[in-house]
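Spelled out from the first residue to the last, the chains are:
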Amino acid sequence: MPATDTHTSDEIIALAKRYVIGNYTRYPVCLVRGEGSWVWDAEGNRYLDFFPGWGCGILGHCPPRVVEAVREQVGQLIHVPNSWYTEPQVLLAQALSERTDFGGASFFCNSGTEAVEAAIKLARLHGKPKGRYKVITTTGGFHGRTMGALTATAQPKYHAGVEPMLPGFTYVPFGDLDAAAKAVDAETAAILLEPIQGEGGINLPPAGYLEGLRALCDSAGILLVFDEVQTGLGRTGKWFAQQHWGVVPDIFTLAKALAGGIAMGAIVAKPEVGEKLKPGTHAATFGGNPVAARAALATIETIEADGLLDRATQVGERFAARFHALKAECPLILDVRVKGAMIGVELAVEGAPVVQACVQKGLLVNCTHQTVLRLLPAINVADEQIDEGCDTLAEVLMAMAP
Ligand SMILES: Cc1ncc(COP(=O)(O)O)c(C=O)c1O
C-alpha cells in the first residue's frame, strides 16, 4: 500500500506543518491519484485539473505511454552520469533538434530555473571574447528562483530580502522594442525573454515585437534567448511558441511539459553557440538521465501520435469562446488572453477567492499576478471537461459579481 493511501488529508497536513518547510501556500487537500485531467484526494473526492503540475502535465496525469516508458526504463537503468552515453538522452536531443527550425543541439538539466542558468552561462561564455556579459530581460517576466534566473526575473517582489542580485542585468518593459534597442550597449551579451509571459499574466507579444528583437540582436551581434519553459512542447499549438512568429532564437529553454511530468529541463542552442559549453564549463549530475529522457520521448511520441498540437489550438479556441461569452455577461472579467492551451482571464478583483471557491467545487485553477486566472490544461483535455470546468468557473464568478 503506498504511504499516501494510509493517511487522511488532515493527518498529512498536520505532519507537513511539523516536518515540511512552509514556503508554499497550499490548499488543504492531499492528492493521491491522477488520470488525465482528473485527480483524486485521500478521501476519494474527484477534481477537474485545469492546471496539472503547474504546466508540467501537458498530457494530464499519468499519461499511459509515459508511465509505460518510465516503468520499463527504471527496471533497466535508472541513472548513469554524463561520463557515459545513453541512448534515450541522445535520441531525445535528436527529437528536439528535428522539431526546431534551426537544428539545435541540447544540454539537459532537471528544472526550468536550471535551464535558464545554463542559458545565461552560455550567453556569457559566447560574449566573453568581446567583453559582452550583460543580459537584458523584460519586466513582468519569470525565469526561476535560483540567483541567476531570479535576477533575470524583473519583478521586485521576488528579489525582496535576498538582495544583492547578480550584476549585469538590465530590465526593459515587455513589448517595448525601442526600450530594448536603447538598453543594448557594448557589454550586452543577450536579450532573454519568454515569447509569451506566463507567470506574468499570459501576456502575448505585440505584433512585430519578437521579429524586431531578432533584427536588433542580429544588428548588435548579440544572442536572442527565449525562455520556453512554460510555452514549450506543444503548449501553444506549436512545438515551440517561437514558431508562431517564425523567429529563430540562438538559445531556448525547456522544462515543465518536456518529460510529461517527470523532472527535466533543457536548453536547445544553435550548434555554433552550444559549442561554447565545453567540458568543465557546465554540468548537471542528473541531467538527461535515462528515465527522464524516456519520459520525454514518450511525451513527444504521444503528442505526435494523438495529433495534440492541433488539439492544443482547438482547446484554446473552446476556452476562448467560453470566456469571451462570459465576459459579455460578467463584469468581473476585464480581458481574456489565449494562445493554445495557455489561458489567462484578467479579473477586476483578486483571484485567490475565486481559486478557493473553485477548489470547493472540485475544479483546480491558478491565479497569477493577483488578478489573472491562469489555466494550463492538459492538451488532451476533452470538450466535455472544458465545458464542465467553464460552467463551474462561470457559476463562481457570477456569484461574486456585483
Ligand atoms: C518561463 C519560466 N521559466 C522558468 C521557470 C522556472 O521553472 P522551475 O520552477 O522548473 O525551476 C518557470 C516556472 O514557472 C517559468 O514559467
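If you're wondering where the values come from, they're calculated on a predicted model, not measured in any experiment.

Draft legend 1. Just the nonpolar core, in detail. Grouped together as the largest cluster of nonpolar side chains are 90 residues, with contacts concentrated most on Leu96, Ile191, Phe323 and Leu393. Among all residues touching Phe323, those that are not within four sequence positions of it are Ile333, Val336, Ile343, Val345, Leu375, Cys390 and Leu393.

Draft legend 2. Representation of the pattern of salt bridges in the model. Applying the stated criterion across every chain yields a total of 17 salt bridges. One salt bridge connects Asp306 with Arg65, and the closest N-O pair in it is separated by 3.6 Å. In this pair, Asp306 sits in the loop between helix H11 (290-305) and helix H12 (308-329) while Arg65 sits in helix H2 (residues 64-74), placing the two residues 241 residues apart along the sequence. The salt bridge involving Glu395 is made with Lys361; its shortest N-O contact spans 2.9 Å. Of this pair, Glu395 sits in helix H14 (residues 383-400) while Lys361 sits in the loop between helix H13 (352-360) and strand S13 (363-364), placing them 34 residues apart in sequence.

Draft legend 3. Representation of the packing of helix H3 (residues 87-99) against H11 within the structure. Axis separation between H3 and H11 bottoms out at 8 Å; the angle between their running directions is 35 degrees. Along this stretch, H3 crosses H11, giving a crossing that reads as left-handed. On H11, the residues that touch Pro88, Gln89, Leu91, Leu92, Ala95, Leu96 and Arg99 of H3 are Pro290, Ala293, Arg294, Ala296, Leu297, Ile300 and Glu304. Tallied by class, residues from the contact of H3 with H11 come to ten nonpolar, one polar and three charged.

Draft legend 4. A look at the sheet that holds strand S15 (residues 372-375). Pairing is antiparallel in the open sheet, where four strands are placed in the order S11-S12-S15-S14. Whereas interior strands pair on both sides, the edge strands pair on one side only; in this sheet they are strand S11 (333-339) and strand S14 (366-368). Averaged over all adjacent pairs, the angle separating strand axes in this sheet is 25 degrees, with direction ignored. Bridging between S11 and strand S12 (residues 342-347) involves six bridges; their strand directions are antiparallel. Looking at S12, one finds that Arg337 is bridged to Gly344.

Draft legend 5. Fine view of the environment of Glu68. If you trace the backbone, Glu68 turns up in helix H2. With relative accessibility at 45%, the residue Glu68 sits in the partly exposed group. Along the sequence, Glu68 and Ala298 sit 230 residues apart, while their C-alpha atoms lie 8.6 Å from each other.

Draft legend 6. Spatial organisation of the site of the ligand. Every residue near the ligand is listed here: Ser111, Gly112, Thr113, Phe142, His143, Gly144, Glu194, Asp227, Val229, Gln230 and Lys256. A distance of 2.8 Å is found between an oxygen atom of the ligand and a backbone nitrogen or oxygen belonging to Gly112. Within the contact set of the ligand, an oxygen atom lies 2.8 Å away from a backbone nitrogen or oxygen of Thr113. Residues that form the shell around the ligand fall into these classes: two nonpolar, six polar and three charged.

Draft legend 7. Layout of unusual backbone geometry. Along the chain, Glu163 connects to Pro164 via a cis peptide bond; the corresponding omega equals 5 degrees. On the secondary structure map, Pro164 appears in the loop between helix H6 (156-159) and strand S6 (169-173). You will see that Lys256, though not glycine, has its phi angle at about 25 degrees, which is positive. Notably, His369 is not glycine yet its phi reads approximately 50 degrees, a positive angle. Relative to the elements of secondary structure, His369 occurs in the loop between S14 and S15.

Draft legend 8. Structural view of the packing of H2 against H11. Packing of H2 against H11 brings their axes to within 8 Å, and their N-to-C directions diverge by 155 degrees. Considering their axes alone, H2 and H11 lie roughly antiparallel with respect to each other. The interaxial crossing formed by H2 with H11 has right-handed handedness. Two secondary-structure elements touch here, H2 through Arg65, Val66, Ala69, Val70, Glu72, Gln73 and Val74 and H11 through Pro290, Val291, Arg294, Ala295, Ala298, Thr299, Glu301, Thr302 and Ala305. For the contact of H2 with H11, a count of residues per class yields nine nonpolar, three polar and four charged.

Draft legend 9. Structural view of the packing of aromatic side chains. According to the stated counting rule, one finds seven aromatic pairs in the structure shown. Plain terms: the ring middles of Phe142 and Tyr158 are 5.5 Å apart, the flat faces sit at 75 degrees to each other, and that makes the pair edge-to-face. One end of the pair, Phe142, is in the loop between strand S5 (134-139) and helix H5 (147-152); the other, Tyr158, is in helix H6, with 16 residues separating them in the sequence. A residue is classified by how much of its surface remains accessible, and Tyr158, at 17% relative accessible area, is buried. Here the aromatic cluster, defined as three or more aromatic residues joined through ring pairs, consists of Phe50, Phe319 and Phe323. Across the ring face of Trp38, the terminal group of Arg46 is positioned such that the distance to the ring centre comes to 3.5 Å. Against the face of Trp239 rests Arg99, its NZ or CZ located 5.3 Å from the ring centre.

Here is what the cut-offs are and how they apply
- Residues numbered from 1 in each chain as written.
- Predicted model: local features only at pLDDT ≥ 70, side-chain atom pairs only at ≥ 80, totals over all residues.
- Heavy atoms only, no water.
- Core = buried A, V, L, I, M, F, W, Y, C linked by side-chain atoms within 4.5 Å.
- Buried < 20%, exposed > 50% of the residue type's maximum accessible area, 1.4 Å probe, protein only.
- Contact = heavy atoms within 4.5 Å.
- Salt bridge = Lys/Arg side-chain N within 4 Å of Asp/Glu carboxyl O.
- Helix = DSSP H or I, 4+ residues; strand = E, 2+ residues; numbered from the N terminus.
- Axes fitted to C-alpha atoms, helices over the stretch in contact; angles between N-to-C directions.
- Left-handed = near helix turned anticlockwise from the far one by under 90°.
- Nonpolar A, V, L, I, M, F, W, Y, C, P; charged D, E, K, R; others polar.
- Pairing = 2+ DSSP bridges.
- Near = heavy atom within 4 Å.
- Polar contact = N/O pair within 3.5 Å; in protein donor to acceptor, adjacent residues only side chain to side chain.
- Parallel < 35°, antiparallel > 145°, perpendicular 65-115°, else oblique.
- Phe/Tyr/Trp six-rings, centres within 6.5 Å; stacked < 30°, edge-to-face > 60°.
- Lys NZ or Arg CZ within 6 Å of the ring centre and 35° of its normal.

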